[in-house]
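# Observations on the three-dimensional arrangement
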Amino acid sequence: MIRPSRDVSLHAGVLAALLLLFFVTSAYHNGNLARIMVLAVFAMGYNFLFGYTGLLSLGHALFFSAGMYGLGISMNHLDMTVLPAFGMGILASLAVTGAIGFLALRTSGVAFMIVTLMFAQAGYLTILLFGKYTRGDEGFVIQQAERTLFGIDLTDPTNRYFAAFALFAVSYLFIAWAVRTSFGRCLVAIRENEARARMLGYDTARHKYLALLASGVLSGASGAGYALLFGYAGATFASVQYSILPLLWVLLGGAGTTIGPLVGTAFAFYLVDVSSEFTSAYLLVVGATIVFLTLFFPQGLSGELRRRLAPWLP
């Protein structure tokens, strides 16, 4: 009998645990978990570029908001239904990522980080400029009656949870598959030593561009999913904060690990949630915790677990 490998068992176990949690936790935590799963897709997209390819971006809020507004504007102004609008969100993020990547990947290192930040800020200002359609900082609400798929009301907490789970599962399994392919292994080689990978005959420029496209589409899918499931699109999601947050989630969870983005997103979310119950200075608690983890768990929670106890963790 063929036994499944440990990493396959891990991925299946994570998905099974998320399904089980719906039945054993309260409605409040189910709502939190739905939000965490959608945002974890954003973190997974960021991790694919930063954790596996070694490209530090500060512009992912642009890709997230492209998916968000691609869906939101399609539903609010073009009267599209859920599936075509979600497709428009994906296409919008793909188009924006393709254009930005073509220019930004002409740089590297710190210059790449700065260029992506500049493009993200330009995107944020563009959203404010076209406030007639985007409603700027105020944003707009996607009506509850429009958020239905095949007659299923996605505003219902149960349906919303399983829709978020479906989006997370597809993205999670895609990442788990992609990093095991020759393409994924080439990305790791580029991260470790791009000059050597190029010397071995790999087209590193093409691989980095494709990695950026995949990263941007995952981020856009997260943005579209967030707008659809939680019914709101606003310029705040295009601000610098939402470029830094996925970096923080990935660093906390463990860059270059498939489980790290989920761990980091959940940890950061509940760190704010729990600490704010005890003190109004919860940001001080959050900051102190991040400093502690950076000092004593430099590879993130999953990364340190892999280094110390489970080297097989993907």
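First things first, this report covers the structure right here in the doc. (Residues numbered from 1 in each chain as written. Predicted model: local features only at pLDDT ≥ 70, side-chain atom pairs only at ≥ 80, totals over all residues. Heavy atoms only, no water.)

### With respect to the overall build of the chain
This is how the line gets drawn: A helix here means a DSSP run of H or I that spans at least four residues, while a strand means a run of E at least two residues long, and both kinds are numbered starting from the N terminus. We take the radius of gyration over the C-alpha atoms and set the globule estimate at 2.2 Å times the residue count to the 0.38 power. The rule is simple: take the accessible area with a 1.4 Å probe, protein chains only, and divide by the maximum for that residue type; under 20% is buried, over 50% is exposed, in between is partly exposed. Any two residues whose heavy atoms approach within 4.5 Å are treated as being in contact.
Along the chain, the regular secondary structure elements total 13 helices and four strands. For the chain, the C-alpha radius of gyration of 19 Å lies close to 20 Å, the compact-globule estimate for 314 residues. Taken along the three principal axes of its C-alpha coordinates, the chain extends 50 × 50 × 45 Å. Of all 314 residues assigned to the chain, the portion counted as buried reaches 48%. A fraction of 77% describes how many contacts in the chain between residues 6 or more apart in sequence connect residues 24 or more apart.

### With respect to the pattern of salt bridges
Here is the rule: Salt bridge, as applied in this entry: a Lys or Arg side-chain nitrogen positioned within 4 Å of an Asp or Glu carboxyl oxygen.
Summed over the entire model, instances satisfying the criterion amount to six salt bridges. A salt bridge links Glu194 to Arg198; the shortest N-O distance between them is 3.1 Å. One end of the pair is Glu194 and the other is Arg198, both in helix α8 (residues 182-199) and four residues apart, which spans about a single turn. With a relative accessible area of 46%, Arg198 lands in the partly exposed category.

### Examining the nonpolar core
The test is simple: Only buried residues count toward a nonpolar core. Its members are Ala, Val, Leu, Ile, Met, Phe, Trp, Tyr and Cys residues joined through side-chain atoms within 4.5 Å.
Core analysis: the largest hydrophobic core is formed by 81 residues, its most contacted members being Leu18, Phe48, Leu71, Phe168, Tyr226 and Leu262. The dominant element in this core, judged by the number of residues it contributes, is helix α2 (residues 27-50), at 15 residues. Discounting chain neighbours no more than four positions away, the residues touching Phe168 are Leu15, Leu18, Met37, Ala40, Val41, Met44 and Leu262.

### A word on the packing of aromatic side chains
Rule in force here: Aromatic pairing here means that ring centres of Phe, Tyr or Trp (its six-membered ring) are within 6.5 Å. Orientation follows from the plane angle: under 30 degrees is stacked, over 60 is edge-to-face, and everything else is tilted.
Per the counting criterion, the structure on display carries 22 aromatic pairs. Centre to centre, the rings of Phe269 and Tyr270 are 5.7 Å apart; their planes meet at 70 degrees, and the pair counts as edge-to-face. By relative accessible area, Phe269 is classed as partly exposed at 23%. Within the aromatic cluster, the residues linked to one another by ring pairs are Phe42, Phe64, Tyr226, Phe230, Tyr232, Phe237, Tyr242 and Trp249.

### With respect to the environment of Leu117
Relative to the helices and strands, Leu117 is located in helix α5 (residues 110-129). In this structure Leu117 comes out as partly exposed when scored by relative accessible area, which is 27%. Here the alpha-carbon distance between Leu117 and Ser57, two residues 60 residues apart in the chain, equals 7.3 Å. Residues contacting Leu117, with those up to four places away along its chain left out, are Leu58, Gly59 and Val240.

### Some remarks on helix α11 (residues 260-278)
How we decide: Between the first and last residue of a helix there are one fewer steps than residues, each counted as 1.5 Å, and that sum is the expected span.
The end-to-end C-alpha separation of α11 is 27 Å, in line with the 27 Å expected for 19 residues at 1.5 Å each. Check the buried side of α11 and you find it contacts α1 (6-24), α2, α7 (157-178), α10 (241-253), α12 (282-296) and α13 (300-308).

### A look at a nonpolar patch on the surface
Just so we agree on the cut-off: Only residues whose relative accessible area exceeds 30% and that take part in no salt bridge are eligible for patches, with like-charged residues grouped when within 9 Å of each other and nonpolar side chains (Val, Leu, Ile, Met, Phe, Trp, Tyr) grouped when within 5 Å. Accessible areas in this description were obtained via Shrake-Rupley with a 1.4 Å probe; residue shielding takes into account the shown protein chains only.
On the surface, Leu20, Leu21, Phe23 and Val24 cluster together into a nonpolar patch covering about 410 Å² of accessible area. Note that Leu20 resides in helix α1.

### Let's talk about α8
Operational definition: Consider a residue and the seven residues that end there alongside the seven that start there; fitting an axis to each set, the bend is the angle between those axes.
Under the 1.5 Å per step criterion, the end-to-end length of α8 is only 17 Å for 18 residues, more than 12% shorter than the ideal 26 Å. A maximum bend of about 130 degrees is found in α8 at Asn193. Among the residues making up α8, those that are buried are Gly184, Cys186, Leu187, Ile190 and Ala197. In this structure, the buried residues of α8 make contact with α2, α7 and α9 (204-230). The positive-phi residue at the C-terminal boundary of α8 is Gly201, with phi of around 105 degrees.

### A word on the side chain of Thr257
Using the following cut-off: Polar contact is defined as a pair of N or O atoms within 3.5 Å, subject to the rule that within protein one atom must be able to donate a hydrogen and the other to accept it, and that residues adjacent in sequence are counted only when both atoms are side-chain atoms.
In this fold, Thr257 is placed in the loop between α10 and α11. In this structure Thr257 comes out as buried when scored by relative accessible area, which is 1%. At a separation of 2.7 Å, a polar atom in the side chain of Thr257 contacts the main-chain carbonyl oxygen of Gly254. A polar contact is formed between the side chain of Thr257 and the backbone nitrogen of Gly260, at a distance of 3.0 Å. If near-sequence neighbours (up to four positions away) are discounted, Thr257 is found in contact with Asn47, Tyr52, Ser302, Gly303, Arg306 and Pro314.

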